[in-house]
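Chains, contacts and geometry: an overview
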Amino acid sequence: MPRFRYGAPLSVRAARLIHRVLGAARFRIRKAYVAASSRVQEIWYGIDTYVPSGSNTPLFEDDVGYEPTKFAAIRTTMRLVPPREDDVFYDVGCGEGRVLCLYARRRLKRCVGVERATHLAAKAIQNANRMRGRRTPIQVLNADATSVDFRESTYLFFYNPFGEETMRTVIE
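Residues numbered from 1 in each chain as written. Predicted model: local features only at pLDDT ≥ 70, side-chain atom pairs only at ≥ 80, totals over all residues. Heavy atoms only, no water.

A few words on the overall build of the chain. Looking only at helices and strands, the chain features 5 helices and 4 strands. For the chain, the succession of helices and strands along the chain, N to C, is α-α-β-α-β-α-β-β-α. Counting the 172 residues in the chain, one finds 36% classified as buried. Here the contacts in the chain between residues at least 6 apart in sequence split such that 66% fall between residues at least 24 apart. (Helix = DSSP H or I, 4+ residues; strand = E, 2+ residues; numbered from the N terminus. Buried < 20%, exposed > 50% of the residue type's maximum accessible area, 1.4 Å probe, protein only. Contact = heavy atoms within 4.5 Å.)

This is the structure we're talking about:
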């Protein structure tokens, strides 16, 4: 039988309940930490791309909703696949431009964001104009990814921008 503090015996049922409650508390604390960390990083970079969790409703057919890429995931991607100075970076489904702005802090030939939702593309332009430390020109295209010519791109970034059907069309 599991024991709790001071040697008092616990039933298996009570031990499972405590484990579940502590697990839920850890999850909430981690979620709050990630949100606070994102806000601090956004202030540092001079951008505003934070969206409360659960507010990412799909805007069109074959859409998965908007959710910004986590800063840690962006840095990991940059470390594993480092961009070169002659790269033309495309962020497909750029949303409010978090990834676009972080890549533009590196020396690249050009950064291009593709976003179908007009209000998200407008926010990406606003973030690109006010970000700190930009070293690369940024262009945001308010267009459907299926109609964009990607031939000049040398580095493509996708973070769950749309459903399977659209992804097939873009890749072909």
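On to the layout of surface pockets. A volume near 530 Å³ is recorded for the largest pocket. Surrounding the largest pocket, 37 residues form its lining, D63, G93, N160, P161 and F162 being those nearest its centre. Mapped onto the lining of the largest pocket, the elements with two or more residues apiece are β1 (88-92), α3 (98-103), β2 (110-115) and α5 (164-171). Per element, the largest residue contribution to the lining of the largest pocket is 3 residues, and it comes from α5. Each residue belonging to the lining of the largest pocket can be placed in one class, and the counts come to 16 nonpolar, 10 polar and 11 charged. (1 Å grid on protein atoms, 1.4 Å probe; cavity = no way out; pocket = protein on both sides within 12 Å on 5 of 7 lines; lining within 4 Å. Points joined across faces, edges and corners; volume = space filled by probe spheres on them. Nonpolar A, V, L, I, M, F, W, Y, C, P; charged D, E, K, R; others polar.)

Another aspect to go through is helix α1 (residues 12-45). In this model, α1 (34 residues) spans 49 Å end to end at C-alpha, consistent with the 50 Å of a helix rising 1.5 Å per residue. Taken together, the buried positions of α1 are S38, Q41, E42 and Y45. The first or second residue beyond α1 is G46, which carries a positive phi of 80 degrees. (Expected span 1.5 Å × (residues − 1).)

What follows covers the pairing of strand β3 (residues 138-142). Direction of pairing for β2 relative to β3: parallel, over a ladder of 5 bridges. Within the sheet, the bridge partner assigned to G113 lies in β3 and is V140. You can see the chain leave β2, run along helix α4 (residues 118-130) and come back into β3, and the turn it takes is right-handed. (Pairing = 2+ DSSP bridges. Right-handed = clockwise from strand over helix to strand, strands pointing away.)

All right, on to the nonpolar core then. F89, L102, Y103 and C111 are the most contacted members of the largest nonpolar core, which has 21 residues in total. Of all the elements in the fold, those that place two or more residues in this core are α2 (71-80), α3, α4 and β4 (155-158). What L102 contacts, discounting residues up to four positions off in sequence, is Y45, I47, F71, I74 and M78. Counting residues in hydrophobic clusters, the runner-up holds 10 residues, among them V92, V112, A145 and F150. (Core = buried A, V, L, I, M, F, W, Y, C linked by side-chain atoms within 4.5 Å.)

We now examine the packing of aromatic side chains. By the definition in use, this model includes 8 aromatic pairs. Put simply, the rings of F89, Y103, Y155 and F157 pair up and form one aromatic cluster. (Phe/Tyr/Trp six-rings, centres within 6.5 Å; stacked < 30°, edge-to-face > 60°.)

Enumeration over the complete set of coordinates arrives at 11 salt bridges. Across the pair E42 and R98 runs a salt bridge, and its minimum N-O distance is 2.9 Å. A residue pair is termed long-range when its members are at least 10 positions apart, and E42 in helix α1 and R98 in helix α3 qualify at 56 residues. This pair shows no difference in class: E42 is buried, exactly as R98 is. Between R84 and D87 there is a salt bridge whose closest N-O contact spans 3.4 Å. Look at D87 and you get buried, because its relative accessible area is 3%. Connected through shared salt-bridge partners, R39, E42, D48, R98 and K123 make up one network. (Salt bridge = Lys/Arg side-chain N within 4 Å of Asp/Glu carboxyl O.)

Examined against the element boundaries, D91 turns out to sit in strand β1. Comment: no salt bridge for buried D91; closest opposite-charge side chain is R98, at 9.6 Å. In this structure, D91 is in contact with V99, L100, V112, G113, V114 and F157, ignoring residues within four places of it in sequence. (Lys, Arg positive; Asp, Glu negative; His and termini not counted.)

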